[in-house]
Amino acid sequence: MLHSEFMNKDKLYSESLAHIANFNFDAHVADVFPDMIERSVPGYRAIITMIETLTEHYAQPDSTLYDLGCSLGAATLSMRRGISADGCRIVSVDNSTAMTKRCRKALDRDLSDPPVDVVCDDIRNVKINNASVVVLNFTLQFIPPKERAQLLEKIHNGMRPGGVLILSEKVRFADEHLNHLLTDIHHNFKRAHGYSDLEVSQKRSALENVLIPETIATHRERLMQAGFSSVDVWFQCFNFMSMLAVK
Ligand code: GEK
């Protein structure tokens with residue numbers, strides 16, 4: 001868990017805005033991020049908790065673990081605690097300086113052993129090497145769809161046999177009725193967590209061209225194409241899910 005210093009309340013879309021700019025991970029977002037993601041992503045906390053358990057299972061001795069799109073490092077902290085194999089290190093990457101600055105601060109407060117490098121860069125530029133665990137926790141959805149296959153192939157190539165990719169995403173459904181239903185249920189979840197109709201609708205507009213969800217079938221097929229041998233969903237809550245892809 002992140003320290004309470006990182007627990008400012010998200011009010012970014014509470015006032016009516018004349019122009020809604022595309023969502024971007026700037027300092028305003030970084031300042032309220034833990035509150036924003038917990039009240040926006042059903043199951044987020046459960047996934048973060050389980051990343052520790054999955055890491056315990058999959059981290060191999062003398063390997064590297066990657067948290068790609070690490071934000072403030074919530075998944076990194078879980079991985080760090082889950083590592084029981086010797087000689088592991090973690091590389092946590094985000095291209096938002098506001099996020100990586102605060103991520104380093106959060107990690108400084110954590111007393112677990114495995115070393116962590118926090119890198120401010122685009123995950124498309126980062127080399128993946130000797131990896132046993134790779135986490136893409138709600139990050140691939142921000143990469144243009146046409147570039148997703150190449151990124152997943154690079155990750156697969158940089159992984160050890162038996163390593164795992166944990167891929168969490170907001171998804172859409174091919175069935176229109178189900179898609180509307182689960183989108184409505186997600187918005188109700190946000191209202192139940194204190195967001196107003198205005199906040200829900202302005203945030204939705206800000207994310208429209210930035211977060212592109214795909215179906216679970218598309219994710220599964222692309223992961224198999226990238227070379228992963230075993231792929232399936234291990235967690236789902238409404239239109240949010242997490243998959244395991246084993247090399
Ligand atoms: C968590 N994983 O708390 N390169 C690097 N970082 C990127 C890129 C990119 N091309 N595109 C987006 N990001 C975290 C939550 S948030 C999910 C991840 C959300 C970063 C972006 O700066 C942001 O910090 C993160 O990916 C997505 O477990 O806000 O829905």
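Small disclaimer: the values here were computed from a predicted structure and weren't measured.

A.B. asks: How do you make sense of the overall build of the protein when you look at a structure like this?
C.D. replies: From N to C terminus, the protein includes 8 helices and 7 strands. Taken over the C-alpha trace, the protein has a radius of gyration of 17 Å; the compact-globule value for 247 residues is 18 Å, and the two agree within 12%. Each principal axis of the C-alpha atoms in the protein carries an extent, and together these give about 50 × 40 × 30 Å. The 247 residues of the protein split such that 53% are buried. Taking the contacts inside the protein whose residues are at least 6 apart along the sequence as the reference set, 78% of them involve residues at least 24 apart.

A.B. asks: I'm lost on the packing of helix 1 (residues 27–40) against helix 4 (residues 97–108) in this one. Help?
C.D. replies: The packing of two helices is summarised by the inter-axis angle and the distance between the axes. For the pair helix 1 and helix 4, interaxial distance at closest approach is 8 Å and the crossing angle is 45 degrees. Classified by the interaxial angle, the pair formed by helix 1 and helix 4 is oblique. Judged by the twist between their axes, the crossing of helix 1 over helix 4 is right-handed. Contacts between helix 1 and helix 4 involve Ala27, Val29, Ala30, Asp31 and Phe33 from the former and Ala98, Met99 and Arg102 from the latter.

A.B. asks: Honestly, the site of the ligand in this entry has me stumped. Any pointers?
C.D. replies: With respect to spatial proximity, 22 residues lie near the ligand, and among them Tyr44, Gly69, Ser71, Asp94 and Asn137 are the closest. In this structure, an oxygen atom belonging to the ligand sits 2.6 Å away from a side-chain N or O atom of Asp94. Backbone polar atom of Ile123 to a nitrogen atom of the ligand: 2.9 Å apart, as the coordinates give it. Starting from 660 Å² of accessible surface for the ligand in isolation, the protein chains cover 94%. If you list the elements that add at least two residues to the shell around the ligand, you get helix 1 and helix 2 (44–58). Per-class residue counts for the shell around the ligand are 11 nonpolar, 7 polar and 4 charged.

A.B. asks: Please clarify how helix 1 should be interpreted in this entry.
C.D. replies: Side chains that are three or four residues apart share a direction in an α-helix, a result of its 3.6 residues per turn. Compared with an ideal rise of 1.5 Å per residue, which puts 14 residues at 20 Å, helix 1 spans 18 Å between its outermost C-alpha atoms and is within 8% of the ideal. Along helix 1, the sharpest kink reaches roughly 70 degrees, centred on Phe33 and followed within four residues by the proline Pro34. Among the 14 residues in helix 1, 10 count as buried, and that is most of the element. Within the span of helix 1, buried status applies to Val29, Ala30, Val32, Phe33, Pro34, Asp35, Met36, Ile37, Arg39 and Ser40.

A.B. asks: Where do I start with the sheet that holds strand 2 (residues 89–94) in this structure?
C.D. replies: Two pairing modes exist for strands in a sheet, parallel and antiparallel, and in both the strands are linked by backbone hydrogen bonds. Spatially, the 7 strands line up as an open sheet ordered 3-2-1-4-5-7-6, and their pairing is mixed. Single-partner strands in this sheet number two, and they are strand 3 (116–120) and strand 6 (230–237). Recorded for the sheet is a direction-independent mean angle of 15 degrees between the axes of neighbouring strands. In this structure, strand 1 (residues 64–68) lies alongside strand 4 (residues 131–137), joined through 4 bridges in parallel fashion. Pairing of Thr64 across the sheet is with Ala131, part of strand 4.

The rules behind these values
- Residues numbered from 1 in each chain as written.
- Predicted model: local features only at pLDDT ≥ 70, side-chain atom pairs only at ≥ 80, totals over all residues.
- Heavy atoms only, no water.
- Helix = DSSP H or I, 4+ residues; strand = E, 2+ residues; numbered from the N terminus.
- Rg over C-alpha atoms; globule rule 2.2 N^0.38 Å.
- Buried < 20%, exposed > 50% of the residue type's maximum accessible area, 1.4 Å probe, protein only.
- Contact = heavy atoms within 4.5 Å.
- Axes fitted to C-alpha atoms, helices over the stretch in contact; angles between N-to-C directions.
- Parallel < 35°, antiparallel > 145°, perpendicular 65-115°, else oblique.
- Left-handed = near helix turned anticlockwise from the far one by under 90°.
- Near = heavy atom within 4 Å.
- Polar contact = N/O pair within 3.5 Å; in protein donor to acceptor, adjacent residues only side chain to side chain.
- Areas by Shrake-Rupley, 256 points an atom, 1.4 Å probe, with all protein chains shown as cover.
- Nonpolar A, V, L, I, M, F, W, Y, C, P; charged D, E, K, R; others polar.
- Expected span 1.5 Å × (residues − 1).
- Bend = angle between axes of the 7 residues up to and from the residue.
- Pairing = 2+ DSSP bridges.

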